[in-house]
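Spelled out, the chains give:
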Amino acid sequence: VTSNEERPSLFYGWTVPQKKYASEPEKFYDEAQEEWEDSQKFLASYRTKENIYFADDFRDFQKQLMAVKMLNAIYGYQKMTSFSDKKFAPPAEFYKTLQNEIRKPVPVLLATTEYKDFRIEELLPTSGTKKPDSIIFNKIAAMPNGLERDQLLSFQLVKMMNLIKDEKQRNDLFISKAGQFQNKKYAAYVGKQLQVINNQQKGKPFPVMAFQDQTGKKVSLSKFKGKYVIIDFWATWCGPCKETTPVFEYQAENYSDPDNIVFLSVSIDEDRQKWKLDLKNKKTSVQQWWLEDPKILGQIGINGIPRFMIIDPEGKIYNANLPRPDDTNFDKIMGEIVKSR
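Structural notes, computed from the coordinates. (Residues numbered from 1 in each chain as written. Predicted model: local features only at pLDDT ≥ 70, side-chain atom pairs only at ≥ 80, totals over all residues. Heavy atoms only, no water.)

All right, on to the side chain of Asp 213 then. For Asp 213, the position within the fold is in the loop between strand E1 (211–212) and strand E2 (218–219). For the buried residue Asp 213, which engages in no salt bridge, the nearest side chain bearing the opposite charge is Lys 217, 5.7 Å off. The residues contacting Asp 213, other than those within four sequence positions of it, are Val 219, Arg 272, Trp 275, Gln 288 and Trp 289. (Helix = DSSP H or I, 4+ residues; strand = E, 2+ residues; numbered from the N terminus. Buried < 20%, exposed > 50% of the residue type's maximum accessible area, 1.4 Å probe, protein only. Lys, Arg positive; Asp, Glu negative; His and termini not counted. Salt bridge = Lys/Arg side-chain N within 4 Å of Asp/Glu carboxyl O. Contact = heavy atoms within 4.5 Å.)

Structure, rendered in structure tokens:
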């Protein structure tokens, strides 16, 4: 079998089959094993249109990643059904095969979210506990010094800091764990993530940024003091951005209130001329600005676009992760603003 098309997975990340076979574990595991076998055949025979096969190191990584995803799916199924009831346990030989596949993980696997999720789940007792976070940190601390320990500690710390609402608690958690890193670059990385998380919180001042309008005039968000500013960060080269633009413009009309609400489209294009040329080809009632230095967005955790945010009338962050304008939660949050006026 040869193919130059990506094989769609029926199993990995399986929330639907997990529910579908909640009372039929035999069917669940039969389908899981079939998916595993098919994926291995596909990986072994795959080649591009140019008749190029995967390199051995890449194939090894993909095979291990597939095993991790399958193990995560099995864990999710048992978590939903039962860890103690043997009828929901995976077939021993199948489970052993998956475990053996990742017994010696390639270095790149250690950096994947899937593998780190799997390793964190392994640290938790299947019977449940009232203090899972403490158990995870204690077990990570007990691991031998090395790359995997540092990666798991940084992964869990960032995850926890994103969940903690109080800034002092976030800072205290980081201080209490920072000294456990063998490689200090991981401590520095988590420290930067902490700064970003703190900067994103509601009520934090929005960083000062330099913008230009369509005429080239320098402008500032202070122009909109006293109003809520709904911002769409985008670029001319971003396909998903252009897909959401019409919806953003529709919402701008839907929530039109010039005295209280401003919808602002901000381009992060490096080439200002490309942005200006793009604007010539479309008509829009939404104000269009260009950001002079997109690197500053890293301070508030904007690493991808499209990205939507709300700035409050005092120039502070109201929502740093606003849902896309076609999401029902976008309307819910906008409803909060309308009621607050």
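Taken together, the side chains of Glu 26, Asp 30, Glu 34 and Glu 37 present a region of like negative charge at the surface. Its location among the elements puts Asp 30 in helix H2 (residues 25–45). (Patch = residues over 30% accessible without salt bridge, like charges linked within 9 Å, V, L, I, M, F, W, Y side chains within 5 Å. Areas by Shrake-Rupley, 256 points an atom, 1.4 Å probe, with all protein chains shown as cover. Charge placed at Lys NZ, Arg CZ, Asp CG, Glu CD.)

This part takes up the pairing of strand E4 (residues 261–267). Where burial is concerned, most of E4 is hidden: seven out of the seven residues are buried. The alternating pattern of E4 places Ile 261, Phe 263, Ser 265 and Ser 267 on one face and Val 262, Leu 264 and Val 266 on the opposite face, and all of these are buried. Two elements, strand E3 (residues 228–234) and E4, share seven bridges in a ladder whose sense is parallel. Its bridge partner lying in E4, Ile 230 is registered against Phe 263. Taken together, E3, helix H11 (residues 239–254) and E4 constitute a β-α-β crossover, and its handedness is right-handed. Of the pairings in the sheet, the one linking E4 to strand E5 (residues 287–291) comprises four bridges and is parallel in character. Across the sheet, the residue bridging to Val 266 is Trp 289, located in E5. Traced from E4 through helix H12 (residues 272–280) to E5, the parallel crossover comes out right-handed. (Pairing = 2+ DSSP bridges. Right-handed = clockwise from strand over helix to strand, strands pointing away.)

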